There are 2 protein chains.
Amino acid sequence: MTSPYRARLAALVAERGNLCVGIDPHESLVRAWGHAFDPAGVERVSRDLVEAIGDRVAVFKPQSAFFEAFGSAGLGVLARLLADIGQAGALSLLDVKRGDIGSTMAAYAHAYLSGQTDLTADAITVSPYLGFGALQPAIDLAHASGRGVYVLCRTSNPEGGQVQQATAAGRSVAQQIVDAARECNEQSGQHAVGLVIGGTHAQLDLDLTRYFGSILVPGIGAQGGTVESLATLFGRAVDNVLPSASRQVMKAGPEREHLRAVLDEVKKT
Amino acid sequence: MTSPYRARLAALVAERGNLCVGIDPHESLVRAWGHAFDPAGVERVSRDLVEAIGDRVAVFKPQSAFFEAFGSAGLGVLARLLADIGQAGALSLLDVKRGDIGSTMAAYAHAYLSGQTDLTADAITVSPYLGFGALQPAIDLAHASGRGVYVLCRTSNPEGGQVQQATAAGRSVAQQIVDAARECNEQSGQHAVGLVIGGTHAQLDLDLTRYFGSILVPGIGAQGGTVESLATLFGRAVDNVLPSASRQVMKAGPEREHLRAVLDEVKKT
């Protein structure tokens, strides 16, 4: 077993900064890099990005949907990308938002957290519509393998409140996810359970006290959030925030030195 | 464009009966069929199952997790299985439970509902933790391509109530999903939006009046539900129920005639 995800993340963030670079190879980006929008083009953009800046980034977050969109060939590209991220000394946080129950959830965990498949990442995102407890097989495997699980909690899209702000016994669904993650982390001591929380809310209405897992905050830049505004939004928990930017960095390609310069700039904002 | 999913489903169910056969190639099943638990073994079990009973089944429901568990090679197996299901004249309902927002949700929709990738199915399952409205790109593509989308609504696992029974303005999350699906179906007239509802609840606490989409009810047999009990649970909506059984059928293999006999038996219960 490698050391726990949370510890590996903290060490890398201390060294390389806390910016997570999302790899979302949209058609417009792939074409802007001078490639056809096909599996080969997506592969070049994604892997060349890691080649250019992989030594300066703590975490890359490939968005699985953009690889799945090319069918089984796209998953082969994703596998090679994940290998590159590891070789660059960065962590891979694969954004797959899986969620199921029982042996099916265990199969997803095996796919992405076991170290026994070519789609294994250092951490993945998961979705708790079937209840936080249904995610246990993934959390168990994350603990056993020194990997991480980020649970969708409170997203910034306007439709998200329908589910995430519904309440039971006076607590919102999102707060229940926070509390369950905190309890889980306190029990294991590994803090392997992270949360996904949007960064563009006017206020959060979440009590994050005593929650020390990592908080993935997607869409810095493109979706309107700024690194500065995070301190206001998250209060003390801002120390655990992993802000993620994708388009803002990727659009700087394909030229290597320009990518590295823009990365440094985005890190500072 | 082919004709709408709901119409194709109704025609096939009238001809072959309403049993949906889940393809969940667990390790124990693959070994019981006499194969190693590897991509080749999973491929043989899954494709031989369709070869044996594909002419008598309206819908097959492959569980994506059991293929993803073998990494990118597993997705190649899934692609070949989906092709077989189509060639057998059956519908494929791929259980992937995807859910995201915006262009990412659109990428998932393209992967599984466009007809342009080898992972395209006739219908997929989706997860609404980010709100029903976030699923719109998948619903739009389903309408445009004559395919279907089954939205997770009220599952039978004990942890599901944490999210699904939370309430906003007096309505449970699950009921909000029902109501949104009904409105969507009334607007399109296609009834392409199905629901996933567990069959083992003592009672449902859901108002399904005027909802005419398909209702996938997983786990008949193995998870304790029976086809008989569905009438009690679903009332008039039972006509739209697509009961799904997996292990009960798959454990009858690999002998073809035995599989066909057991299938006929399961259909009758």
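For the structure, see preceding data.
Let us look at the structure shown here. What you see is a predicted model; the values in this text were computed from it and never measured. (Residues numbered from 1 in each chain as written. Chains lettered and ligands numbered in written order. Predicted model: local features only at pLDDT ≥ 70, side-chain atom pairs only at ≥ 80, totals over all residues. Heavy atoms only, no water.)

**Examining unusual backbone geometry**
All names here are of chain A. Cis geometry is adopted by the peptide bond preceding P254, which originates at G253 and carries an omega value of 5°. Tracing the sequence through the fold places P254 in the loop between helix 11 (247–250) and helix 12 (256–268). Residues other than glycine seldom take positive phi values, yet K97 does so here, at roughly 45°. Examined against the element boundaries, K97 turns out to sit in strand 3 (residues 91–98). By relative accessible area, which is 9% here, K97 ends up buried. (Helix = DSSP H or I, 4+ residues; strand = E, 2+ residues; numbered from the N terminus. Buried < 20%, exposed > 50% of the residue type's maximum accessible area, 1.4 Å probe, protein only.)

**Looking at the interface of chain B and chain A**
Taken together, the contacts link 54 residues of chain B with 54 residues of chain A. Summing the contributions of chain B and of chain A, the shared interface buries around 4,100 Å²; its carbon and sulfur component is 57%. When residues of chain B are sorted by the area they lose upon contact with chain A, Y129, L130 and Q162 of chain B head the list and together hold 18% of the total. Viewed at the interface, chain A and chain B are joined by four salt bridges. Between K97 of chain A and D100 of chain B there is a salt bridge, and its shortest N-O distance comes to 2.8 Å. Linking chain B with chain A are 21 residue pairs in polar contact (both at pLDDT 80 or more), by the criterion used here. Secondary structure elements with two or more residues in the side of chain B that touches chain A: helix 4 (64–68), helix 5 (72–87), strand 3 (91–98), helix 6 (102–113), strand 5 (148–154), helix 8 (161–164), strand 6 (167–168) and helix 9 (173–188) of chain B. With seven residues, helix 6 of chain B is the single largest residue contributor to the side of chain B that touches chain A. (Contact = heavy atoms within 4.5 Å. Buried area = accessible area lost by both parts, 1.4 Å probe. Salt bridge = Lys/Arg side-chain N within 4 Å of Asp/Glu carboxyl O. Polar contact = N/O pair within 3.5 Å; in protein donor to acceptor, adjacent residues only side chain to side chain.)

**Notes on the pairing of strand 10 (residues 241–245) of chain A**
Residue and element names in this part refer to chain A. Here strand 10 lies mainly inside the structure; five of its five residues are buried. Alternating residues of strand 10 divide into V241, P243 and A245 and L242 and S244, and every residue in both groups is buried. For strand 1 (residues 20–23) and strand 10, the ladder comprises two bridges, and the chain directions are parallel. Along strand 10, the bridge assignment pairs C20 with S244. Here strand 9 (residues 215–217) pairs with strand 10 via three bridges, running parallel. Looking across to strand 10, one finds that V217 is bridged to P243. (Pairing = 2+ DSSP bridges.)

**As for the sheet that holds strand 5 (residues 148–154) of chain A**
Consider a sheet: its strands pair through backbone hydrogen bonds, and that pairing is either parallel or antiparallel. Residues and elements named next belong to chain A. Pairing is parallel in the closed barrel, where eight strands are placed in the order 1-2-3-4-5-8-9-10. Pairwise comparison of adjacent strand axes, ignoring direction, gives a mean angle of 30° for this sheet. With three bridges joining them, strand 3 and strand 4 (residues 123–126) adopt parallel strand pairing. Across the sheet, residue R98 finds its bridge partner in strand 4, namely V126. (Axes fitted to C-alpha atoms, helices over the stretch in contact; angles between N-to-C directions.)

**Remarks on the packing of helix 3 (residues 39–53) of chain A against helix 12 of chain A**
Residue and element names in this part refer to chain A. For the pair helix 3 and helix 12, the least separation of the axes is 9 Å and the interaxial angle reads 70°. Between helix 3 and helix 12, the crossing angle belongs to the class labelled roughly perpendicular. Classified by chirality, the crossing of helix 12 by helix 3 is right-handed. Taken together, the residues of helix 12 that come into contact with helix 3 (itself represented by L49, E51, A52 and I53) are R256, L259, R260 and L263. Residue composition of the contact of helix 3 with helix 12, by class: five nonpolar, no polar and three charged. (Parallel < 35°, antiparallel > 145°, perpendicular 65-115°, else oblique. Left-handed = near helix turned anticlockwise from the far one by under 90°. Nonpolar A, V, L, I, M, F, W, Y, C, P; charged D, E, K, R; others polar.)

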